[in-house]
Amino acid sequence: MPKQKKIEPLVGEELLKKVKELESESKEDKAKKCGYYTVTKNGIERVNMMKFLNALIDAEGIQLDSTPSANGRGGRSASYRISVQSNGNLLIGSAYTKQMNLKPGDEFLITLGKKHIRLRQVDPEGREEAEALEVTA
């Protein structure tokens with residue numbers, strides 16, 4: 001029995017065009033005609049739907065996996081929502097400070113509104129000017 005040549009499955013734009021051409025076919029036939037199948041030792045063709053669907057997702061540019069954090073560790077993602085702790089403090093987590101590239105010692109001016117709190121970062125060089133503005137306000 002002669003060995004069959006390896007069929008290279010379509011990817012990217014070629015895959016999208018071929019799927020569009022085969023729109024009236026079943027999804028198994030589309031996958032097979034795009035090269036997403038293997039032939040077993042017994043000569044049976046097996047369609048690899050998972051590889052086909054993943055290739056379609058990649059071709060469309062859809063990002064399903066979350067991007068890993070800078071240090072490679074998981075953890076919770078920033079929800080942009082905090083609540084007052086039992087001791088009355090508001091804690092802004094490290095996800096937000098890392099996103100803003102804040103360093104220990106960075107200072108902020110706090111402005112209280114009727115239903116909001118505004119934090120404004122103080123420039124290290126313009127610290128006196130910001131403090132003077134706050135006193136006169």
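Structure first, text after, so check above.
Residues numbered from 1 in each chain as written. Predicted model: local features only at pLDDT ≥ 70, side-chain atom pairs only at ≥ 80, totals over all residues. Heavy atoms only, no water.

Explain the pattern of salt bridges to me, and be specific about the residues and the numbers.
If you walk through the whole model with that rule in mind, you get 2 salt bridges. Lys-33 serves as the salt-bridge partner of Glu-25, at 3.3 Å between the closest nitrogen and oxygen. Residue classification places Lys-33 among the partly exposed residues on the basis of a relative accessible area of 45%. Lys-32 is the partner of Glu-45 in a salt bridge, and the nearest nitrogen-oxygen pair spans 2.5 Å. In this pair, Glu-45 is assigned in strand β2 (residues 45-47) and Lys-32 in helix α2 (residues 27-33), connecting sequence segments 13 residues apart. For Lys-32, a relative accessible area of 32% puts it in the partly exposed group. (Salt bridge = Lys/Arg side-chain N within 4 Å of Asp/Glu carboxyl O. Buried < 20%, exposed > 50% of the residue type's maximum accessible area, 1.4 Å probe, protein only. Helix = DSSP H or I, 4+ residues; strand = E, 2+ residues; numbered from the N terminus.)

Which residues make up the environment of Ile-92, and what values go with them?
Among the secondary structure elements, Ile-92 is positioned in the loop between α3 (49-60) and α4 (94-99). Taking the C-alpha atoms as reference points, Ile-92 and Ile-82, separated by 10 residues in sequence, lie 7.3 Å from one another. If sequence neighbours within four positions are ignored, Ile-92 has contacts with Ile-82 and Leu-119. (Contact = heavy atoms within 4.5 Å.)

Which residues make up a nonpolar patch on the surface, and what values do they have?
On the surface, a nonpolar cluster with roughly 960 Å² of combined accessible area is contributed by Ile-82, Val-84, Leu-90, Ile-92, Met-100, Phe-108, Ile-110, Leu-112, Ile-117 and Leu-119. Only β3 (108-112) and β4 (117-121) provide two or more residues apiece to the nonpolar patch. One can find Leu-112 in strand β3. Judged by relative accessible area, Leu-112 falls into the exposed class, the value being 66%. (Patch = residues over 30% accessible without salt bridge, like charges linked within 9 Å, V, L, I, M, F, W, Y side chains within 5 Å. Areas by Shrake-Rupley, 256 points an atom, 1.4 Å probe, with all protein chains shown as cover.)

Function cannot be read off these values alone, since they describe shape.
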